[in-house]
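Spelled out from the first residue to the last, the chains are:
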Amino acid sequence: MSALFGAVACEDFETVNTDPNNPDVVPTNMIMAGAEKQIMDNVYDFWFSGRQCMVYTQYWAQRNYTEEDRYQIRESVNNNYFNYLYQGAANLETIIKLNTEAESAIKMSVYGNNANQIAAAKILKVWLYQLMTDTWGSIPYTEASKLKEGVYYPKYDDQTEIYKSLIAELTSAVNSINEDEPAFIGGDRIFEGDASKWKKFGNSLKCRLAIHISKVDSKWKTYIAEALASGVFESNKDNAVYAYSATAPEQCGFYIGCFVDRRNDFTITRTFVDILKGQKDTLNVKSHPWEGVSDPRLPLYTTARNGKYIGMPYGIPSNKVASAMRNAAPIWNNTNYTYDETKVPMILHNDFTVPLMTYAELQFIISEYKGFSKEEYQNGIRASLEYWSQLNGTPINSESEPINTAQANAYIEAVSTTVNAETVAMQKYIDLYMNGTEAWVEYRRTGYPTQLLKPGEISVVYGGEEIPFSTLSDTKGDIISRVKYPTNESTLNAQSFTDAVAKLQDGSNNYYSKMFWDVRTTSNPHPANK
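Small disclaimer: the values here were computed from a predicted structure and weren't measured.

**Regarding the packing of helix 15 (residues 359-369) against helix 18 (residues 421-431)**
Closest axis-to-axis distance for the helix 15/helix 18 pair is 10 Å, and the angle between their directions is 170°. Taken together, the axes of helix 15 and helix 18 are roughly antiparallel relative to one another. Contacts between helix 15 and helix 18 involve Ala360, Glu361, Phe364, Ile365 and Ser367 from the former and Val424, Gln427, Lys428 and Asp431 from the latter. In terms of residue class, the contact of helix 15 with helix 18 is built from four nonpolar, two polar and three charged.

Structural data, given as structure tokens:
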């Protein structure tokens with residue numbers, strides 16, 4: 001017994017008493033893996049995306065309860081997602097801290113180059129904060145994720161200052177990357193630890209932020225020029241996407257919503273289907289720039305019903321839904337919740353790859369940067385067609401096949417007769433399907449597509465009755481401009497919440513206060529770029 005005790009006594013007592021299954025410091029590649037999945041699960045699901053951004057942008061309408069489509073938001077959902085996204089940001093801050101502090105940085109260097117880990121975490125953090133500030137407006141930023149430093153009531157930074165900080169952080173991050181070494185060894189599901197691709201993503205994201213502020217910041221072209229010189233996405237191979245797995249629990253949230261939670265809530269909208277079919281809005285006398293041109297992505301985005309693609313009227317009262325949706329195609333023909341990938345559109349595949357940012361989006365940004373250039377406009381369309389066609393790589397269902405080259409060429413030619421602010425914005429809108437957060441930004445920034453219904457416009461005529469898009473909250477005659485600050489903030493961070501609300505239009509926590517980059521007016525809904 002004494003011999004055994006002596007042997008143990010000679011050991012490092014702290015090492016002997018450390019539980020290997022509960023380490024004091026989790027490896028940063030594992031933190032990155034968890035942070036990426038947590039963030040993607042929370043952004044690309046049936047709640048944050050499905051009941052918010054996908055309906056705000058009128059890609060989807062709800063089949064059963066249309067209240068969220070009409071801007072009556074569930075406060076519990078708003079509170080939860082405000083917290084969830086900040087939790088994701090805090091995990092990214094942990095990666096940065098562990099790779100910055102001298103003692104822990106040495107330990108974490110075995111999981112990837114320290115500077116590259118910091119840069120990748122910062123780039124993803126910028127992506128996340130952009131999404132958050134463009135949802136709520138001014139939010140905690142400089143004092144967020146500082147509980148350990150004793151900051152319990154973080155101030156709300158002005159959105160203008162947040163954008164300046166995000167652009168500066170991207171610039172710093174990409175400049176610090178060593179492309180000869182990995183960002184992460186394992187754990188990174190977005191770029192598999194490829195530092196060069198993280199750098200391209202950071203620069204491409206800088207272009208996105210710059211185009212957002214193109215009407216309010218004279219330096220926007222400088223930001224894009226810097227990014228282009230440093231290196232951006234060069235093809236779809238560089239896309240920032242998160243690949244889900246067919247194996248539980250790594251499946252995509254949209255699949256889980258339909259097949260695990262057994263929900264059949266959503267239908268593609270009439271608004272979006274008519275845009276894809278090249279049909280003008282006769283009810284509200286709205287033209288279409290490519291009238292009669294059918295988009296080959298339509299059968300990839302949804303399913304047909306009785307051989308027809310008919311969207312659900314948007315924004316109508318719940319008691320009108322049963323009548324209005326009789327002919328409308330759901331996002332898939334769901335009868336017994338049996339999963340069959342040959343009959344389910346790719347957006348509901350268990351391993352659907354969700355897009356953070358793509359080469360196609362970047363090409364549309366560069367087209368606008370160059371004064372709506374035709375070359376980049378067409379590059380963006382082709383990249384989008386190829387991306388959506390090859391995302392699955394096999395026939396999606398019995399009614400459609402991936403887009404071939406001849407189809408792509410014919411479509412690109414048909415939609416290229418005019419290249420201007422409207423056509424570039426509309427093609428970007430079509431491409432951003434399933435990335436509702438960014439599509440919502442683009443509508444608020446540009447006012448396109450004009451085909452999106454505004455409150456009071458006619459959604460459908462049924463039985464001789466004109467049924468309008470009727471909102472349940474005041475949005476000052478346009479689609480929703482922001483989401484209200486969560487009610488929890490009014491008690492948990494009362495003074496900062498009060499100060500932030502006081503700066504909103506009318507000093508109220510409302511849905512119509514515009515983002516600082518949204519300078520559209522009633523007299524000029526589509527302001528030209530500076």
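**A few points about a nonpolar patch on the surface**
On the surface, Leu147, Tyr152 and Tyr153 cluster together to form a nonpolar patch covering roughly 400 Å² of accessible area. Assignment of secondary structure puts tyrosine 153 in the loop between strand 2 (139-140) and strand 3 (156-157).

**So, the pairing of strand 6 (residues 353-357)**
Counting buried positions over the five residues of strand 6 gives five, a clear majority of the element. As judged from the four bridges shared by strand 4 (residues 240-243) and strand 6, these two strands associate in the antiparallel manner. Within strand 6, the position partnered with alanine 240 by the bridge is methionine 357.

**Brief notes about the confidence of the model for the protein**
When the pLDDT values of the protein are averaged, the result is 90; 91% of them are 70 or greater. Predicted confidence for residues 1-18 stays below pLDDT 50, and this span has one contact to residues more than four positions away or in other chains. Within the model, the stretch residues 392-400 combines pLDDT values under 50 with 23 contacts to residues more than four positions away or in other chains.

**Here's the deal with unusual backbone geometry**
Apart from glycine, the bulk of residues carry a negative phi angle, and the bulk of peptide bonds sit in the trans form. Cis peptide bonds are those with omega within 30 degrees of zero, and the linkage from alanine 248 to proline 249 qualifies with 5°. Here proline 249 is to be found in the loop between strand 4 and helix 11 (253-260). With an omega of 0°, the peptide bond running from tyrosine 448 to proline 449 counts as cis. By secondary structure assignment, the location of proline 449 is in the loop between helix 19 (436-446) and strand 7 (458-462). Unusually for a residue other than glycine, tyrosine 71 sits at a positive phi of about 70°. Position of tyrosine 71 among the secondary structure elements: in the loop between strand 1 (60-62) and helix 5 (75-98). Overall, tyrosine 71 belongs to the buried group, its relative accessible area being 0%. Positioned with a positive phi, phenylalanine 372 is a non-glycine residue whose angle comes to about 65°. Mapped onto the fold, phenylalanine 372 is located in the loop between helix 15 and helix 16 (374-390).

**Here's the deal with the pairing of strand 8 (residues 465-468)**
One ladder, built from four bridges, connects strand 7 with strand 8; its direction is antiparallel. Along strand 8, the bridge assignment pairs valine 460 with isoleucine 467. If you look at the hairpin formed by strand 7 and strand 8, you'll find two residues sitting between the two strands, and glycine 463 has a positive phi there, around 60°.

**A short note on the packing of helix 9 (residues 195-212) against helix 15**
Between helix 9 and helix 15, the least distance of the axes is 10 Å, while the angle of their chain directions is 50°. The angle between the axes of helix 9 and helix 15 places the two elements in the oblique class. Where helix 9 crosses over helix 15, the handedness of that crossing is left-handed. Taken together, the residues of helix 15 that come into contact with helix 9 (itself represented by Ser204, Cys207, Arg208 and Ile211) are Glu361, Leu362, Ile365, Glu368 and Tyr369. The residue inventory of the contact of helix 9 with helix 15, partitioned by class, reads five nonpolar, one polar and three charged.

**A look at the environment of leucine 205**
Here leucine 205 lies in helix 9. Relative accessible area serves as the criterion here: at 0%, leucine 205 is assigned to the buried category. Sequence spacing of leucine 205 and tryptophan 127 is 78 residues, and the spatial spacing of their C-alpha atoms is 7.3 Å. Leaving out residues up to four positions away in the same chain, leucine 205 has contacts with Ile123, Val126, Trp127, Gln130, Leu170 and Met357.

What counts, and at which threshold
Residues numbered from 1 in each chain as written. Predicted model: local features only at pLDDT ≥ 70, side-chain atom pairs only at ≥ 80, totals over all residues. Heavy atoms only, no water. Axes fitted to C-alpha atoms, helices over the stretch in contact; angles between N-to-C directions. Helix = DSSP H or I, 4+ residues; strand = E, 2+ residues; numbered from the N terminus. Parallel < 35°, antiparallel > 145°, perpendicular 65-115°, else oblique. Contact = heavy atoms within 4.5 Å. Nonpolar A, V, L, I, M, F, W, Y, C, P; charged D, E, K, R; others polar. Patch = residues over 30% accessible without salt bridge, like charges linked within 9 Å, V, L, I, M, F, W, Y side chains within 5 Å. Areas by Shrake-Rupley, 256 points an atom, 1.4 Å probe, with all protein chains shown as cover. Salt bridge = Lys/Arg side-chain N within 4 Å of Asp/Glu carboxyl O. Buried < 20%, exposed > 50% of the residue type's maximum accessible area, 1.4 Å probe, protein only. Pairing = 2+ DSSP bridges. pLDDT = per-residue confidence, 0-100. Left-handed = near helix turned anticlockwise from the far one by under 90°.

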